[in-house]
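Okay, here's what each chain looks like letter by letter:
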Amino acid sequence: ALNQEVELRKQGKGSAHVQNTLRLFNSNDPKPPILLYRDHAGWCPYCQKTMLLIEEKQVPIAIDLVPMRSYGDKPESFMRKVPGGLLPAIEVNGQIITESSVIMELLDQWHPPEEGYKPMMPQDDEGRRRFQMLSRLERELFSWWCTLLFRPEMMGGGGNPLSKLMGGGGAMSGSMQGFMDCLKKVDAELQKTASPWFFEQEYPTMIDFVYVSHVERMLASCAYWKGLNLRDPKWGFNGICRWLDAFEKREHYLAFKSDYYT
């Protein structure tokens, strides 16, 4: 069964997988016009969110796997096309386009609902305003995460940085307070919808992918470096937990999701 699955994936069919080099879905064209360059290890969060959109929207695409610098030098053929070596990148009609957010928006525009594809961006003004607000909030959360993880914590009253969160008498560091407060804002936005997603859809859209690739890393790094399990019910992040549970029921998310240690 595993060998059959490998053969299917070589043909652009079958399940999502980190080593796929062709995704055809319902297309009959064996050579899609778009070539995606992404990391071969499946570690890059910006490649991950791009692949999640491709899988959810079922965009036919060819894929060239390129090593991140952590894993060695990039091929000269790739560096000639993308001098900065940025991943992900797409090649369309000889033109190279980088930046995950730009690539994701273009893939959505090029594959509209009229052709049977799921829309990944809101179609109305109110939805677009909400998308922009949520994008700013994601950048704020990312900033607080970096502050918490990569800068020394200054304790207000000494003791364990989790003590206040856990009901103790010690003071919580400003960076942890800021991070947790920002997570509460994200959780509140997720609880505004009856669906588990940021928008009232039956499936995740672009903003969900923008968040999840970094939240996945926040879960692991906060557990490892701070002893903080963000999915513990005691923190009350019910919207985030519902959102993560919904993601973990989607096969293509599990195909690219890493384990905590990695």
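Residues numbered from 1 in each chain as written. Predicted model: local features only at pLDDT ≥ 70, side-chain atom pairs only at ≥ 80, totals over all residues. Heavy atoms only, no water.

Engineer: Before we go on, may I ask you to explain the overall build of the chain in this structure?
Structural biologist: Along the chain, the regular secondary structure elements total nine helices and five strands. Each helix (α) and strand (β) of the chain, taken in turn from the N terminus, gives the series α-β-β-α-β-α-β-β-α-α-α-α-α-α. Taking 18 Å as the expected radius of gyration for a compact globule of 262 residues, we find that the chain reaches 20 Å, a close match to that expectation. Its C-alpha atoms put the chain at 65 × 45 × 40 Å along the principal axes. Counting all 262 residues of the chain, 51% fall into the buried class. Here the contacts in the chain between residues at least 6 apart in sequence split such that 66% fall between residues at least 24 apart. Surface accessibility of the chain: about 13400 Å² in total, with carbon and sulfur atoms responsible for 52%. (Helix = DSSP H or I, 4+ residues; strand = E, 2+ residues; numbered from the N terminus. Rg over C-alpha atoms; globule rule 2.2 N^0.38 Å. Buried < 20%, exposed > 50% of the residue type's maximum accessible area, 1.4 Å probe, protein only. Contact = heavy atoms within 4.5 Å. Areas by Shrake-Rupley, 256 points an atom, 1.4 Å probe, with all protein chains shown as cover.)

Engineer: Before we go on, may I ask you to explain a nonpolar patch on the surface in this structure?
Structural biologist: A surface patch of nonpolar side chains, about 510 Å² in accessible area, is lined by Tyr224, Trp225 and Tyr261. With respect to the secondary-structure elements, tryptophan 225 resides in helix H7 (residues 206-226). (Patch = residues over 30% accessible without salt bridge, like charges linked within 9 Å, V, L, I, M, F, W, Y side chains within 5 Å. Salt bridge = Lys/Arg side-chain N within 4 Å of Asp/Glu carboxyl O.)

Engineer: Quick question: what am I supposed to make of the sheet that holds strand E4 (residues 89-92) here?
Structural biologist: Two modes of strand pairing occur in sheets, parallel and antiparallel, and in both the strands are linked by backbone hydrogen bonds. Across the sheet, five strands lie side by side as E1-E3-E2-E4-E5; this open sheet has mixed pairing. The two strands at the open ends of the sheet, each matched to only one other strand, are strand E1 (22-23) and strand E5 (95-98). Strand direction decides the pairing type here: E1 and strand E3 (residues 61-66), joined by two bridges, are antiparallel. Across the sheet, the residue bridging to leucine 22 is alanine 62, located in E3. Across the face of the sheet, helix H2 (residues 45-57) comes into contact with E1, strand E2 (34-39) and E3 while running at roughly 140° to E2. (Pairing = 2+ DSSP bridges. Axes fitted to C-alpha atoms, helices over the stretch in contact; angles between N-to-C directions.)

Engineer: I keep staring at unusual backbone geometry and nothing clicks. Help me out?
Structural biologist: Comment: phi is negative for the bulk of residues other than glycine, and the bulk of peptide bonds are trans. In this chain, leucine 87 is followed by proline 88 through a cis amide linkage whose omega measures -5°. Along the chain, proline 88 falls in the loop between helix H3 (76-81) and E4. Positive phi, normally seen in glycine, also occurs at asparagine 93, with a value near 50°. Relative to the elements of secondary structure, asparagine 93 occurs in the loop between E4 and E5. Positive phi, close to 80°, is recorded for glutamate 99, a residue that is not glycine. Locating glutamate 99 in the fold gives a position in the loop between E5 and helix H4 (100-110). On the basis of relative accessible area, glutamate 99 is assigned to the partly exposed category, the value being 46%.

Engineer: Sorry, what's going on with the nonpolar core here?
Structural biologist: Soluble globular proteins tend to bury their nonpolar side chains together. Counting 62 residues, the largest nonpolar core has Leu141, Phe179, Met180, Phe198, Tyr211, Leu230 and Trp243 as its most contacted members. Counting residues per element, this core draws most heavily on H7, at ten residues. Apart from residues lying up to four places away in sequence, tryptophan 243 is in contact with Leu190, Pro196, Trp197, Phe198, Asp208, Tyr211, Val212 and Val215. Core analysis: the next-biggest nonpolar cluster, separate from the first, contains nine residues, Cys47, Met68, Leu87 and Ala89 among them. (Core = buried A, V, L, I, M, F, W, Y, C linked by side-chain atoms within 4.5 Å.)

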